[in-house]
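# Survey of secondary and tertiary structure
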Amino acid sequence: CKDRFSFAHGCLHGHLLAGEESFVLERRADDSVWYGVTTFSRPAHPLAFIGYPAVRLLQWRFAQDSMAAVRRGVEEAGGGIKRG
């Protein structure tokens, strides 16, 4: 038995960035929990090129923070964290 939830969104025309993000949370048959974030983007406006390095850093930081939040949620629910 496998439980899975996923969500994705993309930027609309006119946004400063062109790209998508997807999030997948899965509980596997062995009761382990897996979480993944996939992001890709590129500047879609000349002004976006200036701040793009900071945007990439913020995207990376969000992925780290969201993984930590999922880990805390699993631990608070009484599940163990299996690393591998």
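Residues numbered from 1 in each chain as written. Predicted model: local features only at pLDDT ≥ 70, side-chain atom pairs only at ≥ 80, totals over all residues. Heavy atoms only, no water.

### A word on the environment of P43
Filter applied, for reference: A helix here means a DSSP run of H or I that spans at least four residues, while a strand means a run of E at least two residues long, and both kinds are numbered starting from the N terminus. We call two residues in contact whenever any of their non-hydrogen atoms come within 4.5 Å of each other.
With respect to the helices, strands and loops of the structure, P43 is situated in strand β3 (residues 33-43). For the pair P43 and R27, spaced 16 residues apart in sequence, the C-alpha to C-alpha distance is 35 Å. With sequence-adjacent residues up to four places away left out, P43 is seen in contact with L16, L17, A48, F49 and Y52.

### Details of a nonpolar patch on the surface
Using the following cut-off: Only residues whose relative accessible area exceeds 30% and that form no salt bridge are eligible for patches; like-charged ones are grouped when within 9 Å, while nonpolar side chains (Val, Leu, Ile, Met, Phe, Trp, Tyr) are grouped when within 5 Å. A 1.4 Å probe and the Shrake-Rupley method give the accessible areas. Residues count as covered only by the protein chains that appear here. The term salt bridge refers to a side-chain nitrogen of Lys or Arg lying within 4 Å of a carboxyl oxygen of Asp or Glu. To sort residues, take the accessible area from a 1.4 Å probe on protein chains only and compare it with the maximum for the residue type: under 20% means buried, over 50% means exposed, and anything in between is partly exposed.
A grouping of F5, F7, L25 and V33 is seen on the molecular surface, where their side chains present a nonpolar patch of about 360 Å² in accessible area. Within the secondary structure layout, L25 lies in strand β2 (residues 17-27). What makes L25 partly exposed here is its relative accessible area of 35%.

### Details of the environment of G36
Note on placement: G36 falls in strand β3. Each C-alpha atom, one on G36 and one on H9, is 14 Å from the other, the two residues being 27 residues apart in sequence. Setting aside its immediate chain neighbours within four residues, G36 contacts S22, F23 and V24.

### Side note on the packing of aromatic side chains
The condition is simple: Aromatic pairs are defined between Phe, Tyr and Trp rings, using the six-membered ring for Trp, whenever the two ring centres lie within 6.5 Å; interplanar angles under 30 degrees are classed as stacked, those over 60 as edge-to-face, and all others as tilted.
Applying the stated criterion across every chain yields a total of 2 aromatic pairs. Note on F7 and F23: the rings are 6.2 Å apart at their centroids and 20 degrees apart in plane angle, and the pair reads as stacked. Note that F7 is positioned in strand β1 (residues 3-10) and F23 in strand β2, a separation of 16 residues in sequence. Between F23 and F62 the ring centres are 6.0 Å apart and the planes differ by 80 degrees, which places this aromatic pair in the edge-to-face class.

### As for the pairing of β1
To be explicit about the condition: Two strands are counted as paired when DSSP detects at least two bridges linking them.
Where β1 meets β2, 8 bridges bridge the pair, whose relative direction is antiparallel. Pairing of G10 across the sheet is with E20, part of β2. Adjacent in sequence and paired antiparallel, β1 and β2 are bridged by 6 residues, among which G14 carries a positive phi angle near 100 degrees.

### Here we look at the pairing of β3
Summarising the sheet, β2 and β3 pair through 11 bridges and their orientation is antiparallel. Among the inter-strand pairings, R27 is bridged to a residue of β3, identified as V33. Here β2 folds back onto β3, and the loop between the two strands holds 5 residues, one of which, D31, carries a positive phi near 75 degrees.

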